[in-house]
Amino acid sequence: MIRRVLPHGLGRGLLIRRPGTRRGGFSLDWDGKVSEIKKKIKSILPGTSCDLLPDTSHLPPEHSDVVIVGGGVLGLSVAYWLKKLESRRGGIRVLVVERDHTYSQASTGLSVGGICQQFSLPENIQLSLFSASFLRNINEYLAVTNAPPLDLQFNPSGYLLLASEKDAAAMESNVKVQKQEGAKVCLMSPDQLRNKFPWINTEGVALASYGMENEGWFDPWCLLQGLRQKVESMGVFFCQGEVTRFVSSSQRMLTTDDEMVILKRIHEVHVKMDHSLEYQPVECAIVINAAGAWSAQIAALAGIGKGPPGTLQGTKLPVEPRKRDVYVWHCPQGPGLETPLVADTSGAYFRREGLGSNYLGGRSPTEEEEPDPTNLEVDHDFFQEKVWPHLALRVPAFETLKVQTAWAGYYDYNTFDQNGVVGPHPLVVNMYFATGFSGHGLQQAPGVGRAVAEMILQGSFQTIDLSSFLFNRFYLGEKTQENTTM
Amino acid sequence: MWDLVLGDRRINSLRLVARMWNGTRGIHRLGGAVVPEGNQKKERTMLQFLTNHFYDVEALRGYLLQREMSKVHMKNRFRDKEWIRPDKYGHFSPEFWNFQEVPVEAVDASDCEINYEGLDNLLLLKELQSLLLQRCPHVDDWCLSRLYPLADSLQELSLAGCPRVSERGLACLHHLQ
């Protein structure tokens, strides 16, 4: 009882935030005072367990305007842009709920960290171009007072995509679209390839596209930490917990064609703490699903997909976790400093790592070879049988190499068309998606974050039009698919 | 400035100082120049002389600096002609327009605050042979990745003292063969 009285007396947020945080700047030593009071009560009434002033600092606030499920790069990017584009300072209360603060399984930290503009869809190219300029000016976007500037360790070495005979025509038209959108990409013939990169074996390669600017790889952890610091300084709440339930209300409405639709609105999010049954209901206005590989579970909690198949109610969010392995090897005679990230015709890719003749790479398995996504154990046999032969064929120097280490991570794989899902759900009207990017989420995160924030604050996409990434396409069956070889 | 050396009170004593001060010395090291004897007694009158002729010691420094600069200008010539400079209104002489077709061969942007967007202007110079970007504070790896259009003509590139360039940017200079 006192627990509910106190917040009203002393202002919301005192019980939640620790004193001395940047936003409040209290000089009260609240934690110290609480422990003193508890000691006094214990000395007066020995034997009572003091649950009059329980410690709720680990719980999220009871009310929040926006709840972002998932604290990876996409979730933090949406939080950042919401706070940046809000019309009044402190106007929106944002809560980011992340299940694992160590990010041990999050796709962001385990990612290879590449950014490139060589897509076939104009929206993807624009997103990557914006992300490149965001990363270039990252210290203007994410500057925090008294914090050192961020060093993303960006390697502007570019991407080299190789195409066989049958993909060459598609690659040419893609490069034309990319050039129209402003990406600096050039086409190379096998002879030019051999001149420029003497270590490459151009057997089976008909055409190659090489990105010259704004392409390369960087450190995703640095971006994540930078976003996290900036977002905390802007006043976003963080909570370590798992979303277990949505409490929503439904409304029956008639469409213009006199069809009955049931529109749902989420009112509360139940956030459960780690290793306990304690949960906190958070009243919210908008929920953003940025849970990456686990987005489908969150969507199922909201009732998306519960209905007869083939209808809009029955359309599930087609995002599932897919495991991808990355291997690091050492090859002293390998390609030199000018190596871009090379993506072979077979789907194998590799890039240089550091200055010590180390390389990292992997390959996307075919549908039949898909590994089991229940754990993140690395399959070394896959490297021996399915990756190494292709690498050795493309780069003869890789015939002698020694694998140093390897790790595995999840793609939030969109089984429908391998492109992201952005925007509100047609029936659950206050759930917005920012997930399903199937391996290129990191490089598009700044652009997608801005798009979702614009959708929420202004009702439509203002800068980059991502209407072809809305949820509706799963029901209507319209695929926005890339036809690149990546 | 009080240890300014003046041989005597005549006006051409100032010229004496300017001649001894060659370009390698800074203004503050004037005191290290030759000290003629008999100087000490006349110091108080030197100060009076100085304050009579110059309303401000800064103006004296400016005057000396201008003298020095004009000497430097005499020494460096652009193709045996004077450097083309704007006049006091900031306008260039009409002969400047004759040079529109002449390709720019060398750009010295040392100590200049050029940044990523500023390189747009330099990349249009298709016949650039020498580009000096020494000690530019905003030139970083992203800027280096933009230099590939100059690959055909560029012979000399200097990035000495740029604090933001790292080995990752240098790795993408392989375009400039």
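Residues numbered from 1 in each chain as written. Chains lettered and ligands numbered in written order. Predicted model: local features only at pLDDT ≥ 70, side-chain atom pairs only at ≥ 80, totals over all residues. Heavy atoms only, no water.

A. Broad picture of the sheet that holds strand 2 (residues 130-132) of chain B. All names here are of chain B. Read from one edge to the other, the open sheet built from three strands follows the order 1-2-3, with strand pairing classed as parallel. In this open sheet, the two edge strands, each paired with only one partner strand, are strand 1 (106-108) and strand 3 (156-158). Pairs of neighbouring strands in the sheet enclose a mean axial angle of 5°, with direction left out of account. The sheet contact formed by strand 1 and strand 2 spans three bridges and is parallel. (Pairing = 2+ DSSP bridges. Helix = DSSP H or I, 4+ residues; strand = E, 2+ residues; numbered from the N terminus. Axes fitted to C-alpha atoms, helices over the stretch in contact; angles between N-to-C directions.)

B. View of the nonpolar core. Core analysis: the largest hydrophobic core is formed by 76 residues, its most contacted members being I68, L135, L223 and I288 of chain A together with L131 of chain B. With near-sequence residues (within four places) excluded, L135 of chain A lies in contact with I115, L152, F218 and L223 of chain A together with W142 of chain B. Of all hydrophobic cores here, the second largest spans 30 residues; its members include C239, V243, F246 and A299 of chain A. (Core = buried A, V, L, I, M, F, W, Y, C linked by side-chain atoms within 4.5 Å. Buried < 20%, exposed > 50% of the residue type's maximum accessible area, 1.4 Å probe, protein only. Contact = heavy atoms within 4.5 Å.)

C. Representation of the pattern of salt bridges in the model. Residues and elements named next belong to chain B. Applying the stated criterion across every chain, the model contains 20 salt bridges over all chains. Between R168 and D141 there is a salt bridge; the shortest N-O distance is 4.0 Å. Here R168, found in helix 6 (residues 167-170), pairs with D141, found in helix 5 (residues 141-144); they are 27 residues apart in sequence, far enough to count as distant. Judged by its relative accessible area of 11%, R168 is buried. D141 sits in the buried class, given a relative accessible area of 8%. (Salt bridge = Lys/Arg side-chain N within 4 Å of Asp/Glu carboxyl O.)

D. Examining the interface of chain B and chain A more closely. Listed per partner, the contact involves 13 residues of chain B and 18 residues of chain A. Here chain B packs against chain A, burying approximately 1,600 Å² in sum over the two surfaces, 58% of which is carbon and sulfur. When the area that chain B buries against chain A is broken down by residue, the three leading residues are W142, Y148 and R168 of chain B, summing to 45%. The interface formed by chain B and chain A contains three salt bridges. For E213 of chain A, the salt bridge is made with R146 of chain B, and the minimal N-O distance between the two is 3.6 Å. Of all the secondary-structure elements, those providing two or more residues to the side of chain B that touches chain A are helix 5 and helix 6 of chain B. Taken together, the residues of the side of chain B that touches chain A sort by class into five nonpolar, three polar and five charged. (Buried area = accessible area lost by both parts, 1.4 Å probe. Nonpolar A, V, L, I, M, F, W, Y, C, P; charged D, E, K, R; others polar.)

E. Fine view of the environment of G71 of chain A. All names here are of chain A. Tracing the chain through its elements places G71 in the loop between strand 1 (63-69) and helix 3 (73-85). Considered as a pair, G71 and V96 are 25 residues apart in the sequence and their alpha carbons are 6.1 Å apart. Apart from residues lying up to four places away in sequence, G71 is in contact with L76, V96, V97, E98, Y103 and L224.

F. Focus on the pairing of strand 17 (residues 421-424) of chain A. In this sheet, strand 18 (residues 431-435) of chain A lies alongside strand 17 of chain A in antiparallel orientation, the contact comprising four bridges. Following the sheet pairing, V421 of chain A is matched in strand 18 of chain A by T435 of chain A.

G. Structural view of the packing of helix 3 of chain A against helix 8 (residues 220-233) of chain A. Residues and elements named next belong to chain A. Here helix 3 crosses helix 8 at 35°, and the two axes come no closer than 10 Å. Of the two possible hands of crossing, helix 3 and helix 8 adopt the one that is left-handed. Across the interface between the two elements, V73, L76, S77, A79 and Y80 from helix 3 touch L223, L224, L227, R228, K230 and V231 from helix 8. In terms of residue class, the contact of helix 3 with helix 8 is made up of eight nonpolar, one polar and two charged. (Left-handed = near helix turned anticlockwise from the far one by under 90°.)

H. Helix 8 of chain A, seen in detail. All names here are of chain A. Given a rise of 1.5 Å per residue, 14 residues ought to cover 20 Å, and the 20 Å separating the end C-alpha atoms of helix 8 matches this to within 8%. For helix 8, the complete set of buried residues consists of P220, C222, L223, L224, G226, L227, R228, K230 and V231. On its buried face, helix 8 is in contact with helix 3, helix 4 (122-136), helix 5 (138-141), strand 8 (237-240) and helix 11 (441-458). At the exit of helix 8 stands G235, carrying a positive phi of roughly 100°. (Expected span 1.5 Å × (residues − 1).)

I. Fine view of the UniProt feature "domain: FAD dependent oxidoreductase" (unreviewed entry) in chain A. As annotated by UniProt and renumbered to match this structure, "domain: FAD dependent oxidoreductase" (unreviewed entry) occupies residues 65-455 of chain A. End-to-end, the C-alpha atoms of residues 65-455 of chain A are 15 Å apart, and along that stretch the chain is 27% helix and 30% strand. (UniProt positions renumbered as here; feature names shortened; annotations may be inferred.)

J. A look at the packing of helix 4 of chain A against helix 6 (residues 165-181) of chain A. Residue and element names in this part refer to chain A. At a minimum axis distance of 10 Å, the contact between helix 4 and helix 6 shows a crossing angle of 50°. As the angle between them shows, helix 4 and helix 6 are arranged oblique. Viewed along their axes, helix 4 and helix 6 form a crossing whose handedness is right-handed. Counting all contacts with helix 4, which are made through P122, I125, Q126 and L129, the residues of helix 6 involved are V177, Q178 and E181. Residues belonging to the contact of helix 4 with helix 6 are distributed by class as follows: four nonpolar, two polar and one charged. (Parallel < 35°, antiparallel > 145°, perpendicular 65-115°, else oblique.)

K. Focus on the sheet that holds strand 15 (residues 358-363) of chain A. Residues and elements named next belong to chain A. One open sheet holds the eight strands; their spatial order is 5-6-4-13-14-15-12-16, and the pairing between them is mixed. Two strands lie at the open edges of the sheet, namely strand 5 (185-188) and strand 16 (402-414), each paired on one side alone. Sheet twist, expressed as the average angle between the axes of neighbouring strands with direction ignored, equals 20°. With 12 bridges connecting them, strand 12 (residues 319-330) and strand 16 associate as antiparallel partners. Bridging from a neighbouring strand, R322 pairs with Y411 of strand 16. Sitting on the sheet, helix 10 (residues 380-394) touches strand 4 (159-163), strand 12, strand 14 (348-353), strand 15 and strand 16, and the angle it makes with strand 12 is about 65°.

L. Main features of the domain arrangement of chain A. Residue and element names in this part refer to chain A. For chain A, the domain assignment lists domain 1 (57-154 + 216-318 + 415-485), domain 2 (159-211) and domain 3 (327-410). Of note, the centres of domain 1 and domain 2, computed from C-alpha atoms alone, are 33 Å apart. Counting residues at the interface gives 15 residues for domain 1 and 15 residues for domain 2. Across the domain 1 to domain 2 interface the summed buried area is about 1,200 Å²; carbon plus sulfur atoms make up 57%. Counting across the domain 1 and domain 2 interface gives five residue pairs in polar contact (both at pLDDT 80 or more). Where the side of domain 1 that touches domain 2 is concerned, the elements lending two or more residues are strand 3 (114-115) and helix 4. Here the side of domain 1 that touches domain 2 gets four residues from one element, more than from any other, and that element is helix 4. (Domains from an automatic or database assignment. Polar contact = N/O pair within 3.5 Å; in protein donor to acceptor, adjacent residues only side chain to side chain.)

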